[in-house]
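# Chain and residue survey
Take a look at the letters that make up each chain.
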Amino acid sequence: MSNRVVVVGSLNQDLVVNLDRMPNSGETVFGNSLERHAGGKGLNQAVAAAHLGAPVTMVGSISSDSAGDFLQRVVEDESIDATGISRVDGLAGTAVIEVERSGANRIIVIPGANATVNADQVRAALEAIPDIAVVLTQGEVPADAVTAAMEVGRARGARTILNPSPVQDYPDELYALVDIAIPNEHEIELITGMKTSTSVDATAAARKLAERGVGTVIVTRGAHGSVWATLTRSGSAGAFTVRPVDTVAAGDAFCGVIAASLAEGRSLSEALRWGSAAGALAATREGAVPSLPTREEVEELVNIDD
Ligand code: ADP
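As a starting point, this report considers the structure included with it. Owing to the predicted nature of the structure, the values given are computational and were not obtained by experimental measurement.

## A closer look at the overall build of the chain
- Looking only at helices and strands, the chain features 10 helices and 13 strands.
- Its C-alpha radius of gyration of 19 Å places the chain within 12% of the 19 Å reference for a compact globule of 306 residues.
- Principal axes of the C-alpha set define a box for the chain whose edges measure 55 × 40 × 40 Å.
- Counting the 306 residues in the chain, one finds 52% classified as buried.
- Looking at the chain alone, contacts between residues at least 24 apart form 67% of all its contacts between residues at least 6 apart.
- Only carbon and sulfur atoms are counted for the fraction: they give 51% of the accessible area of the chain, which is about 13300 Å².

## Some points on the packing of helix α9 (residues 268-283) against helix α10 (residues 295-302)
- At a minimum axis separation of 9 Å, α9 and α10 run at an interaxial angle of 115 degrees. Looking at the two axes, α9 sits roughly perpendicular to α10. Considering how the two elements wind past one another, α9 and α10 form a crossing that is right-handed. Together, R273, W274, A277, A278, A280 and L281 of α9 and R295, E297, V298, E299, L301 and V302 of α10 make up the contact between the two elements.
- A per-class count over the contact of α9 with α10 returns 8 nonpolar, no polar and 4 charged.

## Focus: a nonpolar patch on the surface
- On the surface, a cluster of nonpolar side chains totalling about 270 Å² of accessible area is made up of L91, I108 and I110.
- Structurally, I110 is set in strand β7 (residues 105-110).
- With relative accessibility at 31%, the residue I110 sits in the partly exposed group.

## As for the site of the ligand
- Around the ligand, a shell composed of 16 residues is seen, among which N184, T220, G222, F240 and G251 lie nearest.
- At 2.8 Å, a side-chain N or O of T220 approaches an oxygen atom of the ligand.
- At 3.0 Å, a backbone N or O of G225 approaches an oxygen atom of the ligand.
- Across the complex, the protein chains shield 85% of the 550 Å² of accessible surface that the ligand would expose by itself.
- Those elements that place two or more of their residues in the shell around the ligand are α8 (250-263) and α9.
- The residue inventory of the shell around the ligand, partitioned by class, reads 8 nonpolar, 7 polar and 1 charged.

## Overview of the pattern of salt bridges
- Going through the model one piece at a time under the given rule, you end up with 15 salt bridges.
- Taking the shortest distance from any N to any O, the salt bridge between D172 and R212 comes out at 2.7 Å. With D172 in helix α5 (residues 172-175) and R212 in the loop between α7 (199-211) and β11 (216-220), the pair connects residues that are 40 residues apart, well separated along the chain.
- Owing to a relative accessible area of 36%, D172 belongs among the partly exposed residues under this scheme.
- Judged by its relative accessible area of 28%, R212 is partly exposed.
- Of the charged contacts, one joins R285 and E297 as a salt bridge, the two residues approaching to 2.8 Å between their closest N and O atoms. Separated by 12 residues along the polypeptide, R285 in the loop between α9 and α10 and E297 in helix α10 bring together distant segments of the chain.
- Shared partners join several salt bridges into a network, and the residues in it are E264, R266, R295 and E299.

## Details of the sheet that holds strand β10 (residues 180-181)
- On the basis of which strands lie adjacent, the open sheet formed by 9 strands has the order β5-β4-β1-β8-β9-β10-β11-β12-β13 and mixed pairing. The open sheet has two edge strands with one neighbour each: β5 (81-88) and β13 (234-237).
- In this sheet, β5 lies alongside strand β4 (residues 56-63) in parallel orientation, the contact comprising 6 bridges. Each residue of the ladder has a partner; that of I62, found in β5, is R87.
- Strand contacts of α7: β10, β11, β12 (226-229) and β13, with the helix running at about 40 degrees to β12, the strand carrying the most contacts.

Analysis parameters
- Residues numbered from 1 in each chain as written.
- Predicted model: local features only at pLDDT ≥ 70, side-chain atom pairs only at ≥ 80, totals over all residues.
- Heavy atoms only, no water.
- Helix = DSSP H or I, 4+ residues; strand = E, 2+ residues; numbered from the N terminus.
- Rg over C-alpha atoms; globule rule 2.2 N^0.38 Å.
- Buried < 20%, exposed > 50% of the residue type's maximum accessible area, 1.4 Å probe, protein only.
- Contact = heavy atoms within 4.5 Å.
- Areas by Shrake-Rupley, 256 points an atom, 1.4 Å probe, with all protein chains shown as cover.
- Axes fitted to C-alpha atoms, helices over the stretch in contact; angles between N-to-C directions.
- Parallel < 35°, antiparallel > 145°, perpendicular 65-115°, else oblique.
- Left-handed = near helix turned anticlockwise from the far one by under 90°.
- Nonpolar A, V, L, I, M, F, W, Y, C, P; charged D, E, K, R; others polar.
- Patch = residues over 30% accessible without salt bridge, like charges linked within 9 Å, V, L, I, M, F, W, Y side chains within 5 Å.
- Salt bridge = Lys/Arg side-chain N within 4 Å of Asp/Glu carboxyl O.
- Near = heavy atom within 4 Å.
- Polar contact = N/O pair within 3.5 Å; in protein donor to acceptor, adjacent residues only side chain to side chain.
- Pairing = 2+ DSSP bridges.

Set out below in structure tokens:
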């Protein structure tokens, strides 16, 4: 049986500027440092799945300039199959992240090459892959690319997973192609208009999205863990207790590891436990890709009370 995870999604260069305080309009301030990291929800989730040992193919677009070369190298260094990545003219997908000494941040995202990902490209890339267990996608590529990913995944008998982040206005026809949706609390509130302050509320919101056609909806709740609902059943997965340092990419670690665990043949409840461990570990380290845990680290936490 195939255990390949295909991630259709964004790849960004994250430019992180550390500064004492943000400039006011018209003001110039000195920055203390500038770092470049690989990021983008698609790439983060692909790396999280690859760290679990799953064969991963990334489908997306990167620019043909040196920023694109940087992203291509990261993909290859993580042993992710890059044959589904197109090189295109124009700007690189870029996030400019300004972080004040106080920890407050401001982020500007330029979609760049990610905005060029389209349905034909996704269909052609997926059709060229002989074995697919799971197709995973997010809201940082255009909706027609997301729809094509879920359509072809469903037609090929793969599990289809949508992380609706950032939230887009998707029609119910798209949700009907999704086996598992993984929004966080803020995202499920935007999608359903329902509150999620308690686990009971979050479960009701999850069910609401299931009623729009998604098989299983998992709502992540940070340090409170996650809840899930289908049309007829619901449950929860506790969070592991860690000392959080930076929760960036916790959700991406969770999604990528759930995809890889399901691709290995684990049950949804086992996959939830593995995903929760990966999310907790990602919260203990700074950054996106650099915070994603190894399989050994996830396995150790999963087995902690055995
Ligand atoms: P997002 O990054 O999309 O907002 P969450 O913050 O909800 O996603 O995190 C996803 C999952 O990662 C959570 O459901 C939980 O299992 C785990 N996680 C995140 N933050 C923490 C934390 N502070 N302590 C323990 N687990 C966490």
